[in-house]
Amino acid sequence: MKLFNIYSMLLIVFIFSSCDKEFIDPINISDPEVESSVDNLTSLINGIQKRYSTDRAGAKYTTVTASGLTTGELRLINPGNEAEAQLTNGGTGLTINNGILRNLWGQLMLVRKEATTVINAADGAATDTQVANTLKAYGYYYRALAHGTLIQFFEQIPLSIERNAAFNTRTEVLTASIEDLEMAENIIQNGLSTTVTSNIFNSVDLANSIQALLARYYLMNQEYNSAITAADNIDFNTTSTWAYDSAIPNPIADVYSTNNVVEAKDTRFGLPDDLLPNNNDERIDFYITLAQDPSTGDDAYFAVGFFEDNLDEIPVYLPGEVILIKAEAYARLNQLPQAIDALNEVLTKTASEDIYDLGANLSAYSGLNEQQNILEEIYRNRRIELFMSGMSLEDSRRFGRPGPNDPNPERNRNYYPYPDTERDNNSNTPDDPAI
């Protein structure tokens, strides 16, 4: 990949308007003043969180929008938005200079570069071992998040940070992500330093988020027993969110509210006819509303839930995702009674029983006691529970749903092409997948 060098010797610090914690513009990550200071490395961690979760170029916006258009969760409002139009059409029409894919790739590569800077600089910046390890724990978490997110959209990515870096396979990337999270997990068990944590944006609960990512990536890497163990370590009474304020708004609510880009497509959640949501599923109204389109005067569907207002917090993970990870892991281990028990936790959960007020409030599973039938029900519920989470493309592939070359396709790509910004700077970039 292209190396990102220092652009300025000035240390630029910005302040969130409604809080007292600082974040560094990571354009200066190579500045020795950043790398030699605990305070500045802490501010860099805040900058990493900001880069991932905010702005139209950030990973939260690009992953939700790309996967949602690829799998039919979202509709294109204005075909003049070329990047979104390409993702809607998919196939070979998705080009290597697509702006959303450029941002998805580039911003996540910067997140992992900045996280690696924190990891490598921590021991030199801190005289106290606990302070250094706390910095590393955050660095390991964000590096794992960047790698694990990228591999959901691209067949391979480079793990090393060097010119013309070799690309690594999906298994290698997931294994590296898990190793980083296990390092962070071990650090947390020995306690974190308040010198660092008191100056970190604290909407992200690090301990529970590490376990949630472990459960997610273990599942993706087919380590099912480990996925169940990690899921059991999570406290569902604690929130972990990407938080916003008037100066730095929820990027999806902010962009979608223009009524000129994309929106919720309908109440199908991108599902085929034989897996449509139950009409009584209360998650439909949680996530989607039918309202008058201000541009046309016609009724149309719009996303609500975590995406209605600029101040809405977006969960880092959902309790329902964690429970469905357990259900899927048990099902793939052919431990069907346990899989059904976990599935029923999601189906019967009411809004009052969920910390985010997200509940289906349906009857328990009554389908066939067969692995494939149970997996289909788990898939249906993942698509509903995890609406606009950025997970739909990964889920569609993993569950073997019809792809772009199959009859009645449910996604228009399997993986995305590598952006030209990588190909032009890395001679080891692999050939693009056909679709």
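Note that the structure is a prediction, hence the values are computed from the model and not measured. Within each chain, residue numbers correspond to sequence positions counted from 1 in written order. Selection of residues for local features in this predicted model requires a pLDDT of at least 70, selection of side-chain atom pairs for listing and counting requires 80 or more, and totals for whole chains, interfaces and linings are taken over all residues. Side-chain numbers come from the whole structure's heavy atoms, not from hydrogens or water.

The geometry of two aromatic rings is summed up by the distance between their centres and the angle between their planes. Two aromatic rings, drawn from Phe, Tyr or Trp (for Trp, its six-membered ring), form a pair once their centres lie within 6.5 Å of each other, and the interplanar angle then sorts them: stacked below 30 degrees, edge-to-face above 60, tilted otherwise. Counting across every chain of the model gives 18 aromatic pairs. Note on Phe-154 and Tyr-416: the rings are 6.3 Å apart at their centroids and 75 degrees apart in plane angle, and the pair reads as edge-to-face. Remark: Tyr-416 occurs in the loop between helix 16 (392-398) and helix 17 (420-423) and Phe-154 occurs in the loop between helix 6 (129-150) and helix 7 (170-189); sequence separation between them is 262 residues. Residue Phe-154 is classed as buried on the basis of its relative accessible area of 0%. When the ring of Tyr-379 is compared with that of Phe-399, the centres are 5.2 Å apart and the planes differ by 45 degrees; the resulting orientation is tilted. One end of the pair, Tyr-379, is in helix 15 (residues 371-385); the other, Phe-399, is in the loop between helix 16 and helix 17, with 20 residues separating them in the sequence. Relative accessibility decides the category of a residue: with a 1.4 Å probe and only protein chains considered, values under 20% of the type maximum give buried, values over 50% give exposed, and everything between is partly exposed. Look at Tyr-379 and you get buried, because its relative accessible area is 1%. One aromatic cluster is present, formed by Phe-269, Phe-286, Tyr-287, Phe-306, Phe-307, Tyr-356 and Phe-387 through successive ring pairs. The residue whose ring lies beneath Arg-75 is Phe-302, and the NZ or CZ to ring-centre distance is 5.4 Å. Comment: the charge-over-ring label is applied if NZ (Lys) or CZ (Arg) is within 6 Å of the ring centre and within 35 degrees of the ring normal. Across the ring face of Phe-399, the terminal group of Arg-332 is positioned such that the distance to the ring centre comes to 4.9 Å. Runs of E in the DSSP output that reach at least two residues are strands. Runs of H or I that reach at least four are helices, and both are numbered from the N terminus.

Among the buried residues, those of types Ala, Val, Leu, Ile, Met, Phe, Trp, Tyr and Cys that are joined through side-chain atoms within 4.5 Å form a nonpolar core. Within the largest apolar cluster, 125 residues are counted, with the highest numbers of intra-cluster contacts made by Tyr-141, Tyr-142 and Tyr-287. Among the elements that make up this core, the one with the highest residue count is helix 5 (residues 99-125) (13 residues). Here a residue-residue contact requires only that any non-hydrogen atoms of the pair lie within 4.5 Å. Beyond its immediate chain neighbours, meaning those up to four positions away, Tyr-287 contacts Phe-269, Phe-302, Ala-303, Val-304, Gly-305, Phe-306, Phe-307, Leu-318, Leu-358, Ile-384, Glu-385 and Phe-387.

Counting through the fold element by element, Ser-363 comes out in the loop between helix 14 (336-348) and helix 15. What makes Ser-363 exposed here is its relative accessible area of 60%. Every residue in contact with Ser-363, bar those within four places of it in the chain, is listed here: Leu-347 and Thr-348.

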